[in-house]
Amino acid sequence: MAQPRILILGAPGAGKGTQSAKIADHFDVEHVTTGDALRSNKEMDISDLGLEYDTPGEYMDAGELVPDEVVNAIVDEALSQSDGFVLDGYPRNLEQAEELEGMTDLDVVLYLDVSEDELVHRLTGRRMDPETGDIYHLEYNPPEDAEVEDRLVQREDDAEDTVKERLRVYRENTEPVIEYYEEEGSLERVDGEQAPDEVWEDVKVTIEDAA
Ligand code: ADP
Ligand code: ADP
């Protein structure tokens, strides 16, 4: 199969970043992630939009969604430059889902299904390696190398209060997106609560079968 166009959906902490890295590697596609793109542009001046905050970072640190205008432009630009991709972190509301329809066709829509208690545990224990961007978990997936362990950082928005707000925003804005693809008949549900390797097996087979 050449260059599949894959969308991966799931709540914050469901394992989208973890699985997307494996997908990108195995299927030789680009990992397009709005979260990483926005984290690299946290201080960008968006005051001309005249909205609540003047930078993406202020929305992110509050656990709110960054305005559609900003995010749509990032995704449009990234997708126009790639053949195959795994898109992670977008769409997060129905307006973005409609926008995406005008940008590209999709071969597979995956949904990582994880319960809310488990999401909170995964997010508050998540740590990132600032040098490689690799994702770890204090309990589930600690680094083997002590040097890596020493330099791990926690994302500001993974603090418990912000996590609760992000999950609320997810329920309100993003769950309708899951229903939208479900009704369309394209949603491929994967049990995201299994161990990472087991999730990966299911993800891989689902992509191979669907694309
Ligand atoms: P998302 O991109 O959906 O927010 P991540 O891939 O960053 O999710 O995963 C969130 C946290 O949970 C990370 O600390 C990651 O190491 C951990 N994690 C990911 N998948 C699993 C899994 N299947 N089982 C246990 N922990 C996981
Ligand atoms: P997670 O997978 O853990 O939810 P992300 O890294 O995807 O986190 O996103 C972090 C933050 O970046 C979100 O809480 C939100 O503020 C912003 N963000 C990412 N993607 C979008 C999007 N599609 N629309 C609006 N805001 C977004």
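Look above for the structure.
Just so you know, these numbers come straight off a predicted model, no measurement behind them.

(A) Inspection of the site of ligand 1 at higher detail. Around ligand 1, 19 residues are found, and the nearest of them are Gly13, Lys16, Thr18, Arg126 and Tyr136. The contact in question runs from an oxygen atom of ligand 1 to an N or O atom on the backbone of glycine 15, over 3.0 Å. Take arginine 126: an N or O atom from its side chain is 2.6 Å from an oxygen atom of ligand 1. Protein chains bury 93% of the 560 Å² of accessible surface belonging to ligand 1 in isolation. Of all the elements in the fold, those that place two or more residues in the shell around ligand 1 are helix H1 (16-27), strand E6 (135-137) and helix H9 (196-210). Class assignment for the residues of the shell around ligand 1 results in nine nonpolar, seven polar and three charged.

(B) Structural view of the packing of aromatic side chains. Under the defined criterion, the tally for this structure stands at three aromatic pairs. With a centroid separation of 4.8 Å and 80 degrees between ring planes, the pair formed by tyrosine 53 and tyrosine 59 is classed as edge-to-face. On the basis of relative accessible area, tyrosine 53 is assigned to the partly exposed category, the value being 23%. The interplanar angle of 90 degrees and the centroid separation of 5.1 Å between the aromatic rings of tyrosine 180 and tyrosine 181 together place this pair among those described as edge-to-face. Residue classification places tyrosine 180 among the partly exposed positions, given a relative accessible area of 22%. Judged by relative accessible area, which is 4%, tyrosine 181 ranks as buried.

(C) Fine view of a negative patch on the surface. A surface patch of like charges, here negative, comprises Asp76, Glu77, Glu95, Glu98, Glu99, Glu101, Asp105 and Glu184. Those elements that place two or more of their residues in the negative patch are helix H4 (68-80) and helix H5 (94-103). Of all the elements, H5 adds the most residues to the negative patch, at four residues. As for its position among the elements, glutamate 99 is in helix H5. Relative accessible area serves as the criterion here: at 40%, glutamate 99 is assigned to the partly exposed category.

The rules behind these values
Residues numbered from 1 in each chain as written. Chains lettered and ligands numbered in written order. Predicted model: local features only at pLDDT ≥ 70, side-chain atom pairs only at ≥ 80, totals over all residues. Heavy atoms only, no water. Near = heavy atom within 4 Å. Polar contact = N/O pair within 3.5 Å; in protein donor to acceptor, adjacent residues only side chain to side chain. Areas by Shrake-Rupley, 256 points an atom, 1.4 Å probe, with all protein chains shown as cover. Helix = DSSP H or I, 4+ residues; strand = E, 2+ residues; numbered from the N terminus. Nonpolar A, V, L, I, M, F, W, Y, C, P; charged D, E, K, R; others polar. Phe/Tyr/Trp six-rings, centres within 6.5 Å; stacked < 30°, edge-to-face > 60°. Buried < 20%, exposed > 50% of the residue type's maximum accessible area, 1.4 Å probe, protein only. Patch = residues over 30% accessible without salt bridge, like charges linked within 9 Å, V, L, I, M, F, W, Y side chains within 5 Å. Salt bridge = Lys/Arg side-chain N within 4 Å of Asp/Glu carboxyl O. Lys, Arg positive; Asp, Glu negative; His and termini not counted. Charge placed at Lys NZ, Arg CZ, Asp CG, Glu CD.

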